[in-house]
Each structure stands twice: as C-alpha cells, then as structure tokens.
Amino acid sequence: MPYVPTRYFCLIVALVTIAIAFASRLATNDYFFFAGYVVLQYVVMATAWNILGGYTGYVNFGTAGFFAIGAYSAVVMHKLFEPPLIASIVVGGFMAGLVGLGMGYLTLRLRGVFFAIATLALAIVLQTLVTNWDFVGGARGVYIIRPETGPFGHPYIQYLFVLMLALSAVAICIARAIEHSKLGYGLATIRDDELAAEAAGVPTLRLKLIATVLSGALMGMAGAPLPYYVTYLDPSSGFNLAFAVNSIAMPLIGGTSSWLGPLIGAVLLATIQQIATVTISSALNLLIVGVIMVAFVTIAPNGILGLFERGVRARRRPAEKEAA
Amino acid sequence: MFGLLVNAIVAGLLLGGFYAAVSVGLALSFGMLDIANLAHPAFIILGSFIVYTLNIDFGVDPVVAGVLALPFFYVLGSAIYQIYYYSFERRGEEALRGLAFFFGILFITEVALILIFGVDYRFVTAPYIGPSLYIGNAELPLRMLVPFMVSIVMVGLLQLFLSKTFIGRAILAVSQDDLALKLMSIRPQRIKNIAFAISIATASLAGACLIIIQPVEPSIGRDYIGRVFAIVVLGGMGSFPGMLTAAMLIGVMESLTATFYGPSWSPAVAFGFLLLTLAIRPAGLMGR
C-alpha cells in the first residue's frame, strides 16, 4: 500500500464518515441503527485496545472496566445536571484516562504480565465499587430516560449512531497518526525489545503511560453513550465480560500490526454476532467468539491481515522469479 | 467485640488455608515456570462441577471425588502445556499471545459450563457440611476445617515432592535456570510439562474444597483471579511457605473486612494488596 500522509488519511476518513452518515439516511428501519451502533462501538473498543495491545505489546484485560467507567460517568453526569451527551462523553473519557494513568503508573514499570493481571482484577474491583454505590443504582441498576429526539430533530437512536460513527473516525485517525509518529516508533521498540529500547534512550515508561491513557480514554468515550442506548444499566451488564472478550478478540483476529486489523475484526465479528444473536442463543454466540480467538492466536498469530499478506507474498514470489 | 475479633481471625485463617489450595497450582505454574495461567480459576470451577456431578449422581464424598478427578486434570494440564509450548513458548511469543490464549480458555470454560449446567448455584452434600467444633469462644465450622486440612496436606506433600524427589528437584532447577538444564542434557519442556500438569491437577482438589465451602456457579471463578495472583505475587512467586503466609494474611484481612465493613467489600481487599505489592515490593514477602 502506498504511503499516505496522516493529514490526507484523516481527510479521507472524514469524507468516508460523512458519506456513511448520509447513506444511513436511506435506512428506513430503526433496527439498522441499533445494530450499527453496536458494531461501531466495537470498532472504537478494538482500535483503542490495539493502541496498547498491538502497538506496545501490553495486554489490557480490563476493557470492560474502562468501558463501564465511561458508562457510569455518564450516569452520574445525567443524575447531577443532565448535560448534553457530548459533555458526558468527554468526562467519561477523562475519567477512564485518569484510571488508566493511575493503574499504569503502579504496574507498567514491571513486566507486562503484571499489568495484564492488574487490569483483569481492576474490572472486578470496579464492579464491586459500583455494586456498593447506591447513587448510581447499586446492584439494582439504574433507568435513564432516552430523549425522543436528538439536537437536530432526528430520532435519538440516529443521533447516537452518528456520534458513535464520529468516535470511530476519531479513534481510527488517532491510531493511524500514532503508527507513523515518533510515539508509534517508540511503542514499537518497546514491543520488540523493551530492554534495548530503554538502553537506546527511549523514555519507555512515559510512552507506555501515554498509550495507556489514550487507549483507556477512548474506551471510556465509547462507553459513555451506553446508558442512553440501553436505557437500563446494571453492574453485570455494564461490566459484561463479553465487552472484554470481544474487544480483545477483534484486533487479534483482524491483525494487530495496523489500524486496519481491529477495523476488519470488529466489523466482521460484530456483524456476525448481530446476526447470530437473533438466530442462535447469545451464550453459544460468545462461546464461538472465544473459540475463534483461541484458534487464531494459536494457528494464525498475525490475524486476517497476516494471512492476506502471506497470500500476496506467495503470489508475488513466482512472478518475481519469472522476471529474473 | 473481642469475641467477634477472635472469630473473624479464626475464620480468616481457615479461609486462608483454603486460598492456599487455590493458589498452590499458580505458584507452581506462574511462580516457577513463568506461565501466567489466567485460566487457573476456571479449572478450579471445572473441578467443582466434576465433584458436584460425582457427588450428586454417584454419592461420592467431595474430597474423594476430588482425588478421583486428579488423573483427568493431570492429562488436561499436560495437553494444554503441549499446545502452549508449540504455539507460544517455542516461538518466544508467550507475552501477548500466550496471555490471550489463557484468557480465551478461561472464557470458553466459563461459557461452556454455563451452557451445560446453567447459571444456578450448585452445592454438594457431605456429613461435615453443617456441624461446627468449638474451642473456647471460637467457632470452627467443619465445612471450613476440612478444606483447610486438605489444603495443608496438599501443599505439604507438594513441598516434599519438590525437595525430595528427582523430578521435584528438576522442577526447581527449571525454575532457576533452564539453560543450565539443557546443558545437562535434560529437556526442560519435559520437566515443565510434568510441573504444569501437576499445577492443573491441584485445581481438582481446590475445586472440591471450593464447593464444600460455598455453593458454586460458573462465573464465580473470576472473583478468584485477583485473589490467586495477589497471593502468589505477595508470597514471592515460587516459594510455598511465602504463598502460605500470603494466603493466611489475605484470608484474615478479607474476613476482618467482611466482619466490620460487610462482605460485599472483600473482593477489593486482594486487589488492594496486589496493587500495593506491585508498587512497593514486587519481589513479595519472601522473594528471592
């Protein structure tokens, strides 16, 4: 693929986003927006996970925790002042980023495995906190009344869909900008050999913290509209393990080396799940995701992108021989 | 007040003994072999459900059922290590993909158990579930005392195995320097295979202990992830005495929290310990 400067890349993403937003006006069925919202939410989650997981090689198992921080921040904001949703998204992202910073500061100095364990435990402890916190509904859950229409007079679900579409575009642009920046190269050296990176003068802890905060904040932003989407939120659905499994499985299945992998993985897996939840049970559906993830990790470690690249290379090789 | 405190500490020590049974497998796999087996709690729940089936359908005593299931778990552990070795360890990719692999196994086991057994709480019957012993004011419920003793015997036997037998010493050697082992013309992965299989086998007895102590449903394994890793890290990774001390410490702290603040807060205790240990002293209490 020829190199496209980040500026033009973002411009193309913006144009595609606007095109999709207008094309979605053709949809007559509200179900399209409900399903599309979930797919886009996973595009944000998978892309955010990949900034830390794929580029830096640090595994975050607490994605459900960061996601729920965003969702519950929105609940708190809604209860306190009923602000516009965009403000809740910003606050949700900020809170999740803050938690990422604190956790990262305590655990990122050690080997990556400790960070992974800490994130896994974090999600469980946050769930304990929310379950014990009556202001946000505690274990009983909380009802949020979804407004009839968005700020431009369209049905609210269409507004949520467009918001999530914009968030996906932002997430993809950030991921792509990181890939070709000093930060991205620094993260790649950490992934390949952290000791060598440290010796070469890469400020490893600072770069890892930036990646953790960015990734956590994006997850929090993806979670903030959730209360308005589901209208009833309780801890076990906000912290659902399905969020964690999906947002890890999607980049691993798509391929972790670039922004395209999580996008492919998320669109593919989330669409299949949207169809499958209607036709087969949701537990079985999650079992399938888990099995596919384990299969990809063991057999095709570079995901769909890796398979594709290998195919291209294999086809090119005989042609090169002929030319020689 | 004093009686409450004494009872909370006694209950905490008994709980800590049980935590040692849950963590000993991980001390072996994560502490000594450096395999971060996130799925360990899931295998414990699997053990609980196998014990449950044996108990309900055939009337086998839970502890005996746990012993009967040991060979099955040993073979399972051996198979998982083979996959892990050929897919990740040999390629040097255990960090990212190995973790994702175990996370996937954790998830698959949980969902599979939900599909088979549903989300209801299951429990076993045995003569020692119910009655209590009394020493002075302190109450010793037998359903806590039996798992405590099973756990101490298991940890003690494993410690003897590691320090006295040839294979046991070889496992210790792998944990210290597997390059040196290669130079002695011993294949480290053969020794690691045995050690990992033993670590999964302990999940069978730990599962029996768990279902004696409390009713079990498939997703409670998640509550143990933070706990077992906190205990193993706090205990200094590979050391069994350290792990036992850490398990008792966390057991007592959780029991005190549950008595004085309410049981819904106790999952936060282990996590607090884990974060503090990682931040202040990553080598643990009795680290090398």
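Up top is the structure these notes are about.
Residues numbered from 1 in each chain as written. Chains lettered and ligands numbered in written order. Predicted model: local features only at pLDDT ≥ 70, side-chain atom pairs only at ≥ 80, totals over all residues. Heavy atoms only, no water.

S.K.: When you look at the overall build of chain B in this model, what are you seeing that I'm missing?
M.R.: What chain B contains, in helices and strands, is 12 helices and two strands. Reading the secondary structure of chain B in the N-to-C direction produces α-α-α-α-α-β-β-α-α-α-α-α-α-α. At 19 Å, chain B has a C-alpha radius of gyration in line with the 19 Å of a compact globule built from 288 residues. The buried share among the 288 residues of chain B stands at 57%. Expressed as a percentage of contacts within chain B between residues at least 6 apart in sequence, the contacts between residues at least 24 apart total 77%. Split by element, the accessible area of chain B, about 11,700 Å² in all, is 69% carbon and sulfur. Each charge class in chain B was averaged separately, 15 positive and 14 negative side chains, and the resulting centres sit 10 Å apart. (Helix = DSSP H or I, 4+ residues; strand = E, 2+ residues; numbered from the N terminus. Rg over C-alpha atoms; globule rule 2.2 N^0.38 Å. Buried < 20%, exposed > 50% of the residue type's maximum accessible area, 1.4 Å probe, protein only. Contact = heavy atoms within 4.5 Å. Areas by Shrake-Rupley, 256 points an atom, 1.4 Å probe, with all protein chains shown as cover. Lys, Arg positive; Asp, Glu negative; His and termini not counted. Charge placed at Lys NZ, Arg CZ, Asp CG, Glu CD.)

S.K.: How should I be thinking about unusual backbone geometry in this particular structure?
M.R.: Outside of glycine, negative phi angles account for most residues, and trans bonds account for most peptide bonds. Residues and elements named next belong to chain A. A positive phi angle, close to 45°, is found at Glu82, a residue other than glycine. Relative to the assigned elements, Glu82 resides in the loop between helix 3 (63–81) and helix 4 (85–107). Look at Thr231: it is not a glycine, yet its phi comes out positive at around 65°. Along the chain, Thr231 turns up in the loop between helix 10 (226–230) and strand 2 (232–233). Given a relative accessible area of 25%, Thr231 falls into the partly exposed group.

S.K.: Looking at this structure, how should I read helix 12 (residues 266–280) of chain B?
M.R.: Three or four residues apart is the spacing at which side chains of an α-helix point the same way, because the helix has 3.6 residues per turn. Look at helix 12 of chain B: 22 Å from first C-alpha to last across 15 residues, which is about the 21 Å you get at 1.5 Å a residue. Buried residues of helix 12 of chain B: B:Ser266, B:Val269, B:Ala270, B:Phe271, B:Phe273, B:Leu274, B:Leu275, B:Thr277 and B:Leu278, and no others. Where helix 12 of chain B is buried, its residues touch helix 4 and helix 5 (112–131) of chain A together with helix 10 (221–234) and helix 11 (240–261) of chain B. (Expected span 1.5 Å × (residues − 1).)

S.K.: Mind showing me how you'd approach the interface of chain B and chain A here?
M.R.: Often the size quoted for an interface is simply the accessible area lost on bringing the parts together. Tallying the contact residues gives 41 residues for chain B and 41 residues for chain A. A buried area of about 3,600 Å², summed over both sides, lies between chain B and chain A, and 83% of it is on carbon and sulfur atoms. Run the count over chain B and chain A and you get zero salt bridges. Scanning the region where chain B abuts chain A turns up one residue pair in polar contact (both at pLDDT 80 or more). Elements with a contribution of two residues or more to the side of chain B that touches chain A: helix 4 (70–89), helix 5 (94–117), helix 10 and helix 12 of chain B. Here the side of chain B that touches chain A takes 15 residues from helix 5 of chain B, the largest share from any one element. (Buried area = accessible area lost by both parts, 1.4 Å probe. Salt bridge = Lys/Arg side-chain N within 4 Å of Asp/Glu carboxyl O. Polar contact = N/O pair within 3.5 Å; in protein donor to acceptor, adjacent residues only side chain to side chain.)

S.K.: How should I be thinking about the nonpolar core in this particular structure?
M.R.: Proteins that are soluble and globular tend to have nonpolar side chains buried together. Grouped together as the largest cluster of nonpolar side chains are 211 residues, with contacts concentrated most on B:Phe30 and B:Phe103. Looking at which element gives the most residues to this core, the answer is helix 9 (residues 188–213) of chain B, with 16 residues. Residues in contact with B:Phe103, not counting those within four places in the same chain, are A:Phe61, A:Leu120, A:Ala244, A:Val245, A:Ile248, A:Met293 and B:Leu38. (Core = buried A, V, L, I, M, F, W, Y, C linked by side-chain atoms within 4.5 Å.)

S.K.: Please clarify how a nonpolar patch on the surface should be interpreted in this entry.
M.R.: Residues A:Leu129, B:Met1, B:Phe2, B:Leu4, B:Leu5, B:Ile9, B:Leu13, B:Phe260, B:Tyr261 and B:Trp265 make up a contiguous nonpolar surface patch of roughly 1,000 Å² in combined accessible area. Where the nonpolar patch is concerned, the elements lending two or more residues are helix 1 (2–32) and helix 11 of chain B. If one sorts the elements of the nonpolar patch by residue count, helix 1 of chain B sits on top with five residues. Tracing the chain through its elements places B:Leu4 in helix 1. Classification of B:Leu4 as partly exposed rests on a relative accessible area of 45%. (Patch = residues over 30% accessible without salt bridge, like charges linked within 9 Å, V, L, I, M, F, W, Y side chains within 5 Å.)

S.K.: Please clarify how the pairing of strand 2 (residues 138–141) of chain B should be interpreted in this entry.
M.R.: Here is the key point about a regular strand: its side chains alternate between the two faces of the sheet. All names here are of chain B. As defined by bridge partners, strand 1 (residues 132–135) adjoins strand 2 across four bridges and the pair is classed as antiparallel. Paired with Ser132 across the two strands is Pro141, which belongs to strand 2. Hairpin connection between strand 1 and strand 2: a loop of two residues separates the two successive antiparallel strands, and Gly136 in this loop has a positive phi of roughly 60°. (Pairing = 2+ DSSP bridges.)

S.K.: I would appreciate a short explanation of the packing of aromatic side chains in the present structure.
M.R.: In this description, a pair of aromatic rings is defined by centroid distance and the angle of the planes. Taken as a whole and assessed by the stated rule, the structure comprises 33 aromatic pairs over all chains. Between the aromatic rings of B:Phe18 and B:Tyr224, the centroid separation amounts to 6.3 Å while the plane-to-plane angle is 85°, which identifies the pairing as edge-to-face. You can see B:Phe18 sitting in helix 1 and its partner B:Tyr224 sitting in helix 10, a full 206 residues away along the chain. The two residues B:Phe18 and B:Tyr224 agree in class, both being buried. Considering the side-chain rings of B:Tyr81 and B:Tyr85, the 6.2 Å spacing of their centres and the 25° angle between planes classify their relative orientation as stacked. Here B:Tyr81 pairs with B:Tyr85, and both are found in helix 4, just four residues apart, close to one helical turn. According to the relative accessible area criterion, B:Tyr85 is buried, its value standing at 14%. Here a set of aromatic residues connected by ring pairs shows up, and it is made of B:Tyr81, B:Tyr84, B:Tyr85, B:Tyr86, B:Phe88, B:Phe101, B:Phe102 and B:Phe196. Across the ring face of A:Tyr105, the terminal group of A:Arg109 is positioned such that the distance to the ring centre comes to 4.9 Å. (Phe/Tyr/Trp six-rings, centres within 6.5 Å; stacked < 30°, edge-to-face > 60°. Lys NZ or Arg CZ within 6 Å of the ring centre and 35° of its normal.)

S.K.: Would you mind showing me how to read the packing of helix 2 (residues 40–58) of chain B against helix 9 of chain B here?
M.R.: Helix packing geometry: the angle between the two helix axes and the distance between the axes. All names here are of chain B. Interhelical geometry of helix 2 versus helix 9 gives an angle of 60° and a closest axis separation of 7 Å. If you check the angle between helix 2 and helix 9, you find them oblique. Taken as a pair, helix 2 and helix 9 cross one another with a handedness that is right-handed. Of the residues in helix 9, those in contact with His40, Phe43, Ile44, Ile45, Gly47, Ser48, Val51 and Tyr52 of helix 2 are Ser199, Ile200, Thr202, Ala203, Ser204, Ala206, Gly207, Ala208, Leu210 and Ile211. Split by residue class, the contact of helix 2 with helix 9 holds 11 nonpolar, seven polar and no charged. (Axes fitted to C-alpha atoms, helices over the stretch in contact; angles between N-to-C directions. Parallel < 35°, antiparallel > 145°, perpendicular 65-115°, else oblique. Left-handed = near helix turned anticlockwise from the far one by under 90°. Nonpolar A, V, L, I, M, F, W, Y, C, P; charged D, E, K, R; others polar.)

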